[in-house]
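# Results of the structural survey
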Amino acid sequence: DAGITQSPRHKVTETGTPVTLRCHQTENHRYMYWYRQDPGHGLRLIHYSYGVKDTDKGEVSDGYSVSRSKTEDFLLTLESATSSQTSVYFCAINPDRDSPLHFGNGTRLTVT
Amino acid sequence: AQSVTQPDIHITVSEGASLELRCNYSYGATPYLFWYVQSPGQGLQLLLKYFSGDTLVQGIKGFEAEFKRSQSSFNLRKPSVHWSDAAEYFCAVGAGTGTASKLTFGTGTRLQVTL
C-alpha cells in the first residue's frame with residue numbers, strides 16, 4: 001500500500017453530522033488524491049492536492065472539503081453528511097505527475 | 001473530457017483459460033493508460049501502464065495490454081488464468097497529456113474464475 005494509512009477503516013454516522021477522514025503517507029510524495037468508489041461508477045475524483053495548502057476540486061467535489069497542512073496528511077471533510085455520501089473512500093498518492101497512483105486500502109463510510 | 005468504457009461488467013473464465021478484458025477510452029491526444037486490480041476489501045494495485053513507445057506493455061502477475069490507437073482501446077490479456085486472479089479490474093486514463101494524475105476510471109469488470 002506504498003506507505004498509505006487511511007483512518008478510520010470503517011465508520012457509520014448519521015445524516016447531518018460532520019465527518020473527517022484521514023490519509024497519512026510516509027513516502028513524502030507531493031501529490032495526494034481523494035476518490036470515492038460506488039457500484040456502477042468506478043472511482044471518481046473528489047479533491048486533490050499538489051502540495052501543502054495547495055488543493056483543487058475534482059469531478060465530484062460538492063459537499064466535500066479538504067485540507068493539507070502537512071505533506072504527509074490529507075484530510076477529507078464532509079461538513080454535513082448525507083446518505084448519498086455513503087461510499088468507499090480511497091486516498092492515493094504519487095511523487096510527480098508522470099508516476100502512477102498508489103492507493104490506500106480505503107475507508108468504508110455509511111451514512112444512516 | 002476523457003472517458004473510459006469497460007463494456008463487460010462481469011466475466012467468468014475457467015482456470016487455465018485465456019482472458020481478455022476490454023477497455024475503450026475517449027481522449028483527444030495520446031493518453032496515459034492504466035490497468036488496476038482490486039481484491040475484495042483492498043485498495044487498487046497497479047498492473048501495468050502505457051505512457052508511450054511500444055504499444056504492447058507487460059505488467060505484473062503475467063498480464064499484458066495492447067494500446068491500439070485506431071480502435072481507442074487498451075485491452076488487458078493473460079494467456080492462462082489462475083484462481084487467484086479473481087478480482088475486479090479497472091481501466092483508467094490520465095487527464096491531460098503527460099500526466100498520470102487525476103485519473104478517470106472505467107466502471108470495472110469483475111472476474112470470476114471457475115476451477
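Just so it is clear, the model here is predicted, and its values are computed rather than measured.

The rules behind each value
- Each residue is numbered by its place in its chain's sequence as written, counting from 1.
- Naming scheme: in the order in which they are written, chains are lettered from A and ligands are numbered from 1.
- Two thresholds apply to this predicted model, a pLDDT of at least 70 for residue-level local features and 80 or more for giving and counting side-chain atom pairs, whereas whole-chain, interface and lining totals are computed over all residues.
- Values shown for side chains rest on all heavy atoms present in the structure; no hydrogens or waters enter the calculation.
- Whether two residues are in contact is decided by their heavy atoms, any of which lying within 4.5 Å being enough.
- One speaks of a salt bridge when a side-chain nitrogen belonging to Lys or Arg is within 4 Å of a carboxyl oxygen belonging to Asp or Glu.
- Runs of E in the DSSP output that reach at least two residues are strands. Runs of H or I that reach at least four are helices, and both are numbered from the N terminus.
- Classification convention: Asp, Glu, Lys, Arg as charged; Ala, Val, Leu, Ile, Met, Phe, Trp, Tyr, Cys, Pro as nonpolar; all other residues, Gly among them, as polar.
- The rule for a disulfide is simple: a pair of cysteine sulfur atoms within 2.5 Å.
- Paired rings are identified among Phe, Tyr and Trp, the last through its six-membered ring, by centres lying within 6.5 Å, and are further divided according to the angle between planes into stacked (under 30 degrees), edge-to-face (over 60) and tilted (the rest).
- Criterion for a charge above a ring: Arg CZ or Lys NZ at most 6 Å from the ring centre, at most 35 degrees from the ring normal.
- The set of buried Ala, Val, Leu, Ile, Met, Phe, Trp, Tyr and Cys residues whose side-chain atoms join them within 4.5 Å is what this entry labels a nonpolar core.
- Throughout, exposure labels follow a simple rule: accessible area from a 1.4 Å probe, protein chains only, divided by the maximum for the residue type, with under 20% read as buried, over 50% as exposed, and the rest as partly exposed.
- Criterion used throughout: strands pair if DSSP finds at least two bridges between them.

### Structural notes on the interface of chain B and chain A
- Each side of the interface is counted separately: chain B has 21 residues, and chain A has 22 residues.
- If you look at where chain B meets chain A, you find zero salt bridges.
- For the side of chain B that touches chain A, the secondary structure elements donating two or more residues are β5 (33–38) and β6 (44–50) of chain B.
- Taken together, the residues of the side of chain B that touches chain A sort by class into 10 nonpolar, nine polar and two charged.

### Here we look at the state of the cysteines
Residue and element names in this part refer to chain A.
- Evaluation of the coordinates by the stated rule reveals two disulfides over all chains.
- Across the disulfide from Cys-23 sits Cys-91; the S-S distance is 1.9 Å. Disulfide Cys-23 to Cys-91: torsion about the S-S bond roughly -70°, handedness left-handed. Of the two residues, Cys-23 is situated in strand β3 (residues 19–25) and Cys-91 in strand β9 (residues 87–94); the sequence distance between them amounts to 68 residues.

### Brief notes about the packing of aromatic side chains
- Applying the stated criterion to the full structure yields 19 aromatic pairs over all chains.
- Cluster of aromatic residues (ring-pair linked, three or more members): Tyr35(A), Phe90(A), Phe103(A), Tyr32(B), Phe34(B), Tyr36(B), Phe51(B), Phe90(B) and Phe105(B).
- One Lys or Arg, Lys49(B), reaches over the ring of Phe51(B) and ends 5.9 Å from the middle of that ring.

### Digging into the nonpolar core
- The biggest cluster of nonpolar side chains holds 26 residues, and the ones touching the most others in it are Leu19(B), Trp35(B), Leu47(B), Leu48(B), Phe74(B), Leu76(B) and Tyr89(B).
- At the level of secondary structure, the elements contributing two or more residues to this core comprise β2 (10–14), β3 (19–21), β5, β6, β8 (64–68), β9 (73–78), β10 (87–93) and β12 (109–114) of chain B.
- Broken down by element, this core gets its largest block of residues, four residues, from β10(B).
- Listed in part, the 20 residues of the second largest apolar core include Leu45(A), Tyr48(A), Phe103(A) and Tyr36(B).

### Focus on the pattern of salt bridges
Residues and elements named next belong to chain A.
- The full count for this structure, using the stated rule, is nine salt bridges over all chains.
- In this structure, Arg-44 engages Asp-38 in a salt bridge whose closest nitrogen and oxygen atoms are separated by 2.9 Å. As far as the burial class goes, Arg-44 and Asp-38 line up, both buried.
- Close ionic contact of Asp-73 with Lys-70 constitutes a salt bridge, the shortest N to O distance being 3.3 Å.
- Of the residues examined, Lys-70 reaches a relative accessible area of 41% and is grouped as partly exposed.

### Focus on the pairing of β6(B)
Residue and element names in this part refer to chain B.
- Of all seven residues in β6, five are buried; the element is thus mostly enclosed.
- Pairing of β5 with β6, which is carried by six bridges, proceeds in the antiparallel orientation. Along β6, the bridge assignment pairs Tyr-36 with Leu-46.
- Hairpin geometry of β5 and β6 is characterised by an intervening segment of five residues between the two adjacent antiparallel strands and by a positive phi of about 75° at Gly-41.

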